Amino acid sequence: MSEIGLKVTTGEASEIVHVHESTIKRWCDAGRIDHVRTPGGHRRVVLSSLLDYARTEDLECDFLQFGERAEIVYQTLERARDERFSASVAFLFGGLRDRGDETIGAFLKLLLTQGLRLEQLFDKVVGPVLHRVGNGWSSGAMGVGDEHLMTGLLTDALYDLRSAASRDPSCGHSAVVGCMEGNRHDLGVNMARMVLESRGWRVVYLGADVPVHEFAIQQQKTASNLVGMGLAPPQVASDAKNALRVLGGLYRADSPYRIALGGEPARQLDATDLEGHPFEDCRAFDSLTAFSQWL
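Worth saying up front: this structure is predicted, and the values here are computed from it rather than measured. (Residues numbered from 1 in each chain as written. Predicted model: local features only at pLDDT ≥ 70, side-chain atom pairs only at ≥ 80, totals over all residues. Heavy atoms only, no water.)

## Details of the side chain of S292
With respect to the helices and strands, the residue S292 is situated in helix α13 (residues 288–294). Only 2.9 Å separates the side chain of S292 from the side chain of R199, close enough to count as a polar contact. In this view, S292 contacts E119, V195 and R199; residues no more than four positions away in its chain are not counted. (Helix = DSSP H or I, 4+ residues; strand = E, 2+ residues; numbered from the N terminus. Polar contact = N/O pair within 3.5 Å; in protein donor to acceptor, adjacent residues only side chain to side chain. Contact = heavy atoms within 4.5 Å.)

## Notes on the sheet that holds strand β7 (residues 258–262)
The strands that make up a sheet pair up through hydrogen bonds in the backbone, lying either parallel or antiparallel. The five strands lie next to each other as β5-β4-β6-β7-β8, forming an open sheet whose pairing is parallel. If you trace the sheet from one side to the other, it starts and ends with β5 (202–210) and β8 (281–285), each paired once. Taking each pair of neighbouring strands and ignoring which way they run, the sheet shows an average axis angle of 15 degrees. Relative to the sheet, helix α9 (residues 187–198) contacts β4 (174–180), β5 and β6 (226–230), its axis offset from that of β5 by approximately 175 degrees. (Pairing = 2+ DSSP bridges. Axes fitted to C-alpha atoms, helices over the stretch in contact; angles between N-to-C directions.)

## So, the packing of helix α1 (residues 10–17) against helix α2 (residues 21–29)
Closest axis-to-axis distance for the α1/α2 pair is 8 Å, and the angle between their directions is 105 degrees. With respect to their mutual orientation, α1 and α2 come out roughly perpendicular. Contacts between α1 and α2 pair T10, G11, A13, S14 and V17 from the former with E21, I24, K25 and W27 from the latter. Residues belonging to the contact of α1 with α2 are distributed by class as follows: four nonpolar, three polar and two charged. (Parallel < 35°, antiparallel > 145°, perpendicular 65-115°, else oblique. Nonpolar A, V, L, I, M, F, W, Y, C, P; charged D, E, K, R; others polar.)

Such coordinate-based values are descriptive only and should not be taken to indicate function.
Written as structure tokens, this is what we have:
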């Protein structure tokens, strides 16, 4: 019997292979999976042995899809539970870099099933990965083709995740969401869309590069409670101010709504820039967690 490697409790082992804890104890006693005893007499299951047994017996186990990296993925998720996300960022970035199409989406879904909130996943894992990809391109460490491929893989994974995270529109609220004209990078607003949908909002998604007046038109057509607009460099704070002026001019008091702005140009606005408008409320956000709390 090997005592090398990560060990888990029988309760944790039961969650990993989706069986009752008493079944894990029987397997230990029968010698089917390696385990040790603590000084207090409690079983500790050798994770690698448990995974080997699950693979041999064709048991249900979410970690087997990661092959030889299954144990690493489990350790990474354990750190994420304790809000230590650097390993998750490194794993996701590595999956994008190595074109691990299937494992990217599977890893994101596992993070959600381990108790992370969707906005926390975006702020603490996906956002830093996007920042790392952008830095790789700007520093010359990767070409524009690599940057586009990695961003595309992440976009596909997020679309896959959306179906798992969305709820039926049940809260009675709706939002118009998109990127301001000139911003073709819609991953950020897509994540905002998913946060809204996970809370039961109906979302009218306009996508990238949308003229400002179209947000007002769609809001009036749908009587939406919220307009969410994403900006990105080379856009600057003055572009955000101009967008607010345009929307303010088109605002109808009989169809009230709030405005949420996101992206670096929006974060450059100060409090006075967000005041004096006819909207029910107007905010600029630097995180999806803050956005979700505001909702």
